[in-house]
Amino acid sequence: MHILLVDDHAVVRQGYSALLSMMLPDATIHEAENARQAMTCLNQHAVDVVILDINLEQASGLNVAPRLLNHWPRLKIIFFSMFEEASIVNRAMHTGACGYISKRCRPEIMLEAVKAVMAGKTYIEHELAINLASYAYNEKKDIFDQLTRREFDVFMGVAKGQKRSRIAQDLNISDKTVSNAITQLKSKLQVKTSTELVHLAIDNGYVKIAS
Amino acid sequence: MKASKKITIVISGVYLFVSVILAAVFFVQAKRDVDAETQAALAMAEALIAQQLTFDQIESVLQHSRHLHVTQDIHAFNGDSTATQEYISVKDPTNKLTIYGAPEAENAEIFTTVYQVFGILLFSYILTLVLLNISVREKLKPLSSLSLALDQIGEGRYAVDVDPGDIEEIRSLVSHYQTMADSLYRRKQKVQHLRARLATLQERERQGLARELHDNLGQLITGIRVQSYLLKQQAGSPAFVQRTANLLEQQCEEVQSGIRQITHQLYPVALHRVGLVVALQEMLKRWAEIHGIALSCHFPNTILSMSPERDMHLYRITQEALSNIVKHAHATKVTVSLEAKDTQLILSIHDNGVGLQTLNDTHHDGLGMESMRERASLIRATFNVNSTDGTALSIHVPLTEQKEIDKNAHITCG
């Protein structure tokens, strides 16, 4: 069995790597700091489970997961994050992941999660699961659901602090389209300024402020 | 005292005075007239007697006279010739007739004139009083509306909606009050606005710190926790225990360092005690050491006034700038200078890094840049960014207070 740990915080990564090595002696534990390293590792090894942090330096785990699943559809992704908000858990699970655990959990939970997803089950940490159920029950609309693919891409561009021309270039669209999308974004997400968009992105785990 | 009452009193006083003067004049004049008339009548009566005319002749002469009459009644009057205020009488020497007259006509004439004059005076007095009272009350109405409107300003309603009427002085007064109310309103808005902005700034700061705790320290503790768990599992293996204990110690140290950084960010204790210059120097030295960036400082002023608000914001701006340099600039050398020139305090921070993508275009400011701009404007400073050779921030603060001595400013940084 191959397990890949993707987390940009060295202490956490090393600690859990040691934990998994010790408790799952038959498994090979790989480490990656970011999406790029993760891809490299996935290309080289037949990884079964990816333990993925959301708050990564360059790209959000929420955006990395779908990309990984695109290439490796049978990959089992467990989100391992400091974010505990039901809306974020909800969105994370919608990317196609098999599990979600919080970094405040007992270390044993990580092991339970890996065993569960290897057995084909979904694993969401107990407390988070309750929150998630209440959230779904309240039928609260996720504000990001109303964004089109393009609007979301533009949103990520703005969140990363890119200039409009750069966003236009990256997405292969015109500057005017970008401007229109931004106006739509502000209206749909109910914010007035681009700065508020950035804050929204940070609060929802899409962008990390470099420390 | 009300205007109308005062006017009434004054007008009444004036009219009374005029009446008294007029009465006196009339009195004197009347007396003279009466005397003159009496004398003339007496002379005429005596002249007639002297002519020794008959009763019938005298009667026909005097028939149209208003003043003199003749009678044959020798008992009518006493004495030969009398002239009193009430009548005159002249008896002829044969005592057969008497010419007499009473100044009633004259008196009547005089009284008529007096009545007429005083009547006109009274009428004009009343007319004046009524007219003045009415018009004063009418024209001064805007003043009571104005008072009401000004009272409302105290309650927060700044519209001075008063019809000033057509008196220019009152129009001018109302117009000035409206201007004043406007500027009060705008001042109030501005204060509210500034408060909101300051609150937002503080909120962002708190959020930033919360994130720092969440992202860094929280994760460090997670790491420590898992190591402790492993320790439990491998309690029997001394080598493992040793290794893990070392790791734990290291990681705890990292937590401590993180906490210290956060507290320093939160509250640079030094600032108020030693002044901006020294606080900056110490902070810069620490920063340069941690990040291994060459630092050059220029703090030429040994005398620098203290202003808690301004100093705090300048300190934070510097912190933010340094943080940006670490995150984005990839610089190897940083120059910081704080200098008082003429009426301005100039803070400059220059790094030899990659420069910014955007310059003074505020639409594309990152969060850090925006908070720096915000702080600068809160202390009424100008904030300029130049990206031609690395990045140069320049903040100009107007100096307003008197200078005090900052006794430690001569310490230089290495």
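Everything here concerns the structure above.
Cut-off values and rules
Residues numbered from 1 in each chain as written. Chains lettered and ligands numbered in written order. Predicted model: local features only at pLDDT ≥ 70, side-chain atom pairs only at ≥ 80, totals over all residues. Heavy atoms only, no water. 1 Å grid on protein atoms, 1.4 Å probe; cavity = no way out; pocket = protein on both sides within 12 Å on 5 of 7 lines; lining within 4 Å. Points joined across faces, edges and corners; volume = space filled by probe spheres on them. Helix = DSSP H or I, 4+ residues; strand = E, 2+ residues; numbered from the N terminus. Nonpolar A, V, L, I, M, F, W, Y, C, P; charged D, E, K, R; others polar. Pairing = 2+ DSSP bridges. Contact = heavy atoms within 4.5 Å. Axes fitted to C-alpha atoms, helices over the stretch in contact; angles between N-to-C directions. Buried < 20%, exposed > 50% of the residue type's maximum accessible area, 1.4 Å probe, protein only. Salt bridge = Lys/Arg side-chain N within 4 Å of Asp/Glu carboxyl O. Domains from an automatic or database assignment.

A. Structural view of empty space enclosed by the protein. Tallied over the full model, the rule gives three cavities of 30 Å³ or more. Estimated volume of the second largest cavity: approximately 50 Å³. Around the second largest cavity, the lining residues are Asp53, Asn55, Ser81, Met82, Phe83 and Lys103 of chain A together with His214, Asp215 and Gln219 of chain B. Here the lining of the second largest cavity gets three residues from one element, more than from any other, and that element is helix α5 (residues 168-233) of chain B. When the residues that make up the lining of the second largest cavity are grouped by side-chain class, the tally is two nonpolar, four polar and three charged.

B. Region of interest: the sheet that holds strand β5 (residues 99-102) of chain A. All names here are of chain A. If you walk across this open sheet you meet the six strands as β2-β1-β3-β4-β5-β6, and the pairing is parallel. Two strands bound the open sheet, and with one partner strand each, they are β2 (28-32) and β6 (123-124). Note that strand β3 (residues 49-52) and strand β4 (residues 76-81) share four bridges and pair parallel. By the bridge assignment for β4, Ile51 is matched with Ile78. Of the strands in this sheet, β1 (2-6), β2 and β3 touch helix α2 (residues 35-44), which is tilted by about 170° from β1. Against the sheet, helix α3 (residues 61-71) contacts β3 and β4, and its axis sits at roughly 170° relative to β4.

C. Here's a closer look at the side chain of Thr318 of chain B. All names here are of chain B. Take Thr318: it is sitting in helix α9 (residues 308-329). What makes Thr318 buried here is its relative accessible area of 0%. Apart from residues lying up to four places away in sequence, Thr318 is in contact with Leu280, Met283, Leu284, Leu347 and Ile349.

D. Layout of the pattern of salt bridges. The final tally for this structure, using the stated rule, is 14 salt bridges over all chains. One salt bridge connects Arg211 of chain B with Asp203 of chain A, and the closest N-O pair in it is separated by 3.2 Å. Of this pair, Arg211 of chain B sits in helix α5 while Asp203 of chain A is found in helix α10 (residues 194-203), placing the two residues in two different chains. The residue Glu155 of chain B makes a salt bridge to Arg157 of chain B at a minimum N-O spacing of 2.5 Å. A cluster of three or more residues bridged by salt bridges with shared partners is formed by Asp7, Asp53 and Lys103 of chain A.

E. Fine view of the layout of surface pockets. Residues and elements named next belong to chain B. Estimated volume of the second largest pocket: approximately 490 Å³. Taken together, 18 residues form the lining of the second largest pocket, with Glu309, Ser377, Leu378, Ile379 and Arg380 sitting closest to its centre. Looking at the lining of the second largest pocket, the elements with two or more residues in it are α5, α9, α10 (367-378) and β9 (391-398). Per-element accounting of the lining of the second largest pocket gives the leading share, seven residues, to α5. The residue inventory of the lining of the second largest pocket, partitioned by class, reads seven nonpolar, three polar and eight charged. Of the domains in this structure, domain 2 (158-266) and domain 3 (270-406) are the two that each give at least three residues to the lining of the second largest pocket.

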